Amino acid sequence: MPRVPLRDLAVTRGGDKGGNSHLPLLIFDRKNYEAVRQQVTAERVADLLKDEAPGGVERYELPNLPALNFVLIDALDGGRSRMLRFDPRFVFGERLLDLEIELPD
């Protein structure tokens, strides 16, 4: 099975609510949704961003869009306006898009 980075299959845009960061992952083609859903788990994203999301990661499925939304708990140190780091939401999304998954032939 070919391995491809998520950036070839989807786009993301960061958002925030208080100290949590939201990473919606919008899949371009519905035929790839199931492969992304199966392989891009909350556990895998939590492992990828373990230093940035100390409270863990929750995943919400939005199959009608098709999309997944990841919530990074306590990733923004109490809120974006209180942080000293430069736009971490952008960095989170770029790192997520670097993940590779296998696509069925």
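**A few points about the nonpolar core**
Counting 27 residues, the largest nonpolar core has V40 and F70 as its most contacted members. Residue assignment for this core shows that the elements contributing at least two residues are β4 (20-27), α1 (33-39), α2 (42-48), β6 (67-72) and α3 (88-97). Apart from residues no more than four positions distant in its own chain, V40 is found in contact with L6, L25, V45, R59, L68, F70, L96, L99 and I101.

**Quick notes on the confidence of the model for the chain**
For the chain, the average pLDDT comes to 87, and 84% of its residues sit at 70 or higher. The element-level mean pLDDT for the chain is lowest in strand β3 (residues 15-17), coming to 67, with α1 highest at 98.

**Let's talk about unusual backbone geometry**
With glycine set apart, most residues show a phi of negative sign, and most peptide bonds adopt trans. Cis rather than trans, the peptide bond between L65 and P66 has omega equal to -15 degrees. Tracing the backbone shows P66 in the loop between β5 (57-62) and β6. Even without being glycine, D74 reaches a positive phi, approximately 60 degrees. When you line up the elements, D74 lands in the loop between β6 and α3.

Rules of the game
- Residues numbered from 1 in each chain as written.
- Predicted model: local features only at pLDDT ≥ 70, side-chain atom pairs only at ≥ 80, totals over all residues.
- Heavy atoms only, no water.
- Core = buried A, V, L, I, M, F, W, Y, C linked by side-chain atoms within 4.5 Å.
- Buried < 20%, exposed > 50% of the residue type's maximum accessible area, 1.4 Å probe, protein only.
- Helix = DSSP H or I, 4+ residues; strand = E, 2+ residues; numbered from the N terminus.
- Contact = heavy atoms within 4.5 Å.
- pLDDT = per-residue confidence, 0-100.

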